[in-house]
Amino acid sequence: MHAGPTTGTERFCVLFLFFYTQKQIKEHLNMNEAVLQRLEYDKLKGKMIEYTVSPAGRMLAERHVPSTNRSQIKAWLKETEEASALLASGASVPLSAMEGIDPFLALLGKGRIYTETELDQLLAWLVSIAQMKRYMDNKRLIAPTIAAYADSMNDCPSLRQELDRCIRYGKLTDHASPDLGTIRRHLIVVEDKIHKKLEASLSKYKSALQDPIISKRRGRSVISVKREHRKLVPGTVWDESASGQTLFVEPIDVAELQQEWQEWSAEEERERTIILSRLSDEAEQYKLELLQNREAMASFDFMLARGKLSLSYDGQPVTLCDEPMIRLVEARHPLLGRHAEPIHVELGLQWKQLIITGPNTGGKTVALKTIGLLALLVQSGLLVPASPDSRFGVFRHIMADVGDGQSLEQSLSTFSSHIAVLKEMLHSADENTIILLDELAAGTDPGEGIALSIAVLEELLKRRALTGATTHFNEIKKFASRTPGCMNARMAFDAETLRPLYRLEIGEAGESHAFAIARRFGLPEHVMQRAEKLAEGRVEIRLDESVKEEEEETTTVDTNARLEEAEQPVTLTIPKEKSPAPAYSKGDAVWIYPLKRAGIVFQPADERGEVIVQVQGKKMAFNRKRIKPYISKEKLYPGMDYDMDIVFDTKENRKKRKLMNRKYVEGLTIETKPDVTGE
């Protein structure tokens, strides 16, 4: 009996459930599999797939990709949030594994007569659908959105009740039809008569038997007779043992009962076919409802798999905003566990580019991956391990060059592969794009690599693309410090223990700590001291200077020939021309090696080479060898008539001087106290 057509609301819900899972194929994030692997999205997607329990739910998870449709993403996020809440409430969700349902539904409408096993699987599925409807009806306060989807499901009560009456444990019951019950009662009576006759035969032919047992051969009840005593037991031989020494004989006095049993058995099979045909026809009438139930149950399976994945890394709902921006608050990489150090990141509002610096193994690459991966998860409708205060825009492109990306198949070098990725990035970059670049300027000549990197950053900034990049090069750090829309950040590092703290600090560039790490790994101290002198500019690298004890370096040229005037190799000393020391003017910005920071020149070098530099309001003296040019006065303070007193004098003194320039004020004086200190 057909339960009647579904309501308009139910049909709408079913169509929504079906098509919203299909729409993502057309509106998905523009990226390739390589990017998903670099950002480790594929690992989390694999976990989500494993959380599904049904083939149809698994298929939805396998073809799931991040979307660029804001409405779609919001719907997914709402579903995942409610699914997580359901799972966190502790109740067991009655999801169905839908065992055997896909093959069953594939044959609907083809006139197939289903077996008892197939109909029993259908019954179990309809029972689970009824359970799911009741469960969701009781969970409307926790999950109102996905609970409403259950209204579209139809547990086909008439069909379910009929299957329950006719089938038990994969077999037709005696109540499936009146005739079937009658036939089976006759079979039981005949089987009992056959058994009694055979029991009598065991006693009657005891001396001729191999074993005193009754067995079945070719559907007939037989006794085992020794070959040499075959003539003592009249009847039909239905089989023999492998050795041929035992014959399985149906005694002649049970042959008539056996024939009667065969007739009743054939009658049972005919009645069984009639019943199964009737049940199959009834199931055919519910084809639409059954197909809709599969789509709905698969969608529930997929939504709950997203909820399970989100709970596995403590995912939280975040805000989806209209602006192309990212604000991560207490964000963690989902694969690093609950004890990973959270990071705070912002891109898109105050600055479009974030240049992350710090030592190797300090977490720079993980920070980049966290930005990209969490954006992918949000646009996949998944919760993320971050504070609910976090905010995400919707991006059309998320592109990453994390790792060397070398392709052996294409015979590309590391640098060439980076350039190939950069080309793709520059082709697609706009304000709705996230670009993630690991180890800028790596893989080629540092000078050219730095210049190329800065040019790329300038172009990305011009296109307003959100960019996160890591680097070790000071030139790129300086670019970030003086470029509007670009911001430095560093991974915190404990210089005493030489251990990374995995904490991202916005606003300042970090150090590579190469010297400290090299000392920790045991490089000779004289090598380290020499390296520090070279880095600080306290010594010059000259061809006429010895590497050891700064003695004169010579180049020995062996002519491999005897000259007329000498019998020994000729030694040539090639002095390197010294470049003139830089001249500093008041107002120039200089880099101070000992302090590892910039300052402003207050007084140029005197005859001893001492330069007075203002650092954080204090004036300090440094030898000109301890500083180097950073930014010229003309670039730092544009304008011919810029008042340098604003930089070096106090606000009170400037007010007095301005007043004195206008008129004479009796008793008004300006005092300046010498505050120059040594380094």
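The structure under discussion appears in the preceding block.
What counts and what doesn't
- Per chain, residue numbering runs from 1 following the sequence as it is written.
- This being a predicted model, a pLDDT of at least 70 is required before a residue's local features are given, and a value of 80 or more before pairs of side-chain atoms are given or counted; all residues contribute to the totals for chains, interfaces and linings.
- Hydrogens and waters are ignored; side-chain quantities use all the structure's heavy atoms.
- Pairs of strands are assigned from DSSP output, requiring at least two bridges between the strands.
- Only DSSP runs of H or I with at least four residues qualify as helices, and only runs of E with at least two residues qualify as strands; both kinds are numbered from the N terminus onward.
- Each reported salt bridge corresponds to a side-chain nitrogen of Lys or Arg within 4 Å of a carboxyl oxygen of Asp or Glu.
- Working definition: with a 1.4 Å probe on protein chains only, accessible area under 20% of the residue-type maximum means buried, over 50% means exposed, and in between means partly exposed.
- Grouping buried Ala, Val, Leu, Ile, Met, Phe, Trp, Tyr and Cys residues that are joined through side-chain atoms within 4.5 Å yields what is termed a nonpolar core.
- Contacts: residue pairs with any heavy atoms within 4.5 Å of one another.
- Between the first and last residue of a helix there are one fewer steps than residues, each counted as 1.5 Å, and that sum is the expected span.

Here we come to the pairing of strand β8 (residues 326-331). Pairing of β8 with strand β9 (residues 343-347) involves 4 bridges; the strand directions are antiparallel. Note on β9: the bridge partner recorded for I326 is L347. Bridge analysis of β8 against strand β11 (residues 391-392) gives 2 bridges, and the strand direction is antiparallel. Counterpart to R327 in the pairing with β11 is R391.

The next thing to look at is the pattern of salt bridges. Summed over all chains, the structure comprises 33 salt bridges. Across the pair E268 and R184 runs a salt bridge whose closest N-O atoms are separated by 3.0 Å. Taken together, the positions of E268 in helix α11 (residues 255-284) and R184 in helix α10 (residues 178-204) put the pair 84 residues apart, joining distant regions of the chain. For E268, a relative accessible area of 21% gives the class partly exposed. Because the salt bridges share partners, they merge into one network encompassing E40, K43 and K369.

With that out of the way, let us pick up the nonpolar core. Note on soluble globular proteins: their nonpolar side chains tend to be buried together. Membership of the largest hydrophobic core comes to 95 residues, with the highest contact counts inside it found for F104, L119, L122, W125, L163, L290 and F300. With 10 residues, the single largest contributor to this core is helix α12 (residues 287-312). Beyond its immediate stretch of four places on either side in the chain, L122 contacts I101, F104, L159, L163, A283 and L290.

With respect to the helices, strands and loops of the structure, A283 is situated in helix α11. Residue class for A283 comes out buried when judged on its relative accessible area of 0%. The spatial distance from the C-alpha of A283 to the C-alpha of Y114 is 9.6 Å, given a sequence separation of 169 residues. Each residue touching A283, except ones within four places of it in the same chain, is listed here: F104, L108, L122, L159 and L290.

The next point concerns α12. If you check α12, its first and last C-alpha atoms are 37 Å apart, about what 26 residues at 1.5 Å a residue would give, namely 38 Å. Of all 26 residues that make up α12, 20 are buried, and the element is covered over most of its length. Following α12 by one or two positions, D314 has its phi on the positive side, about 60°.

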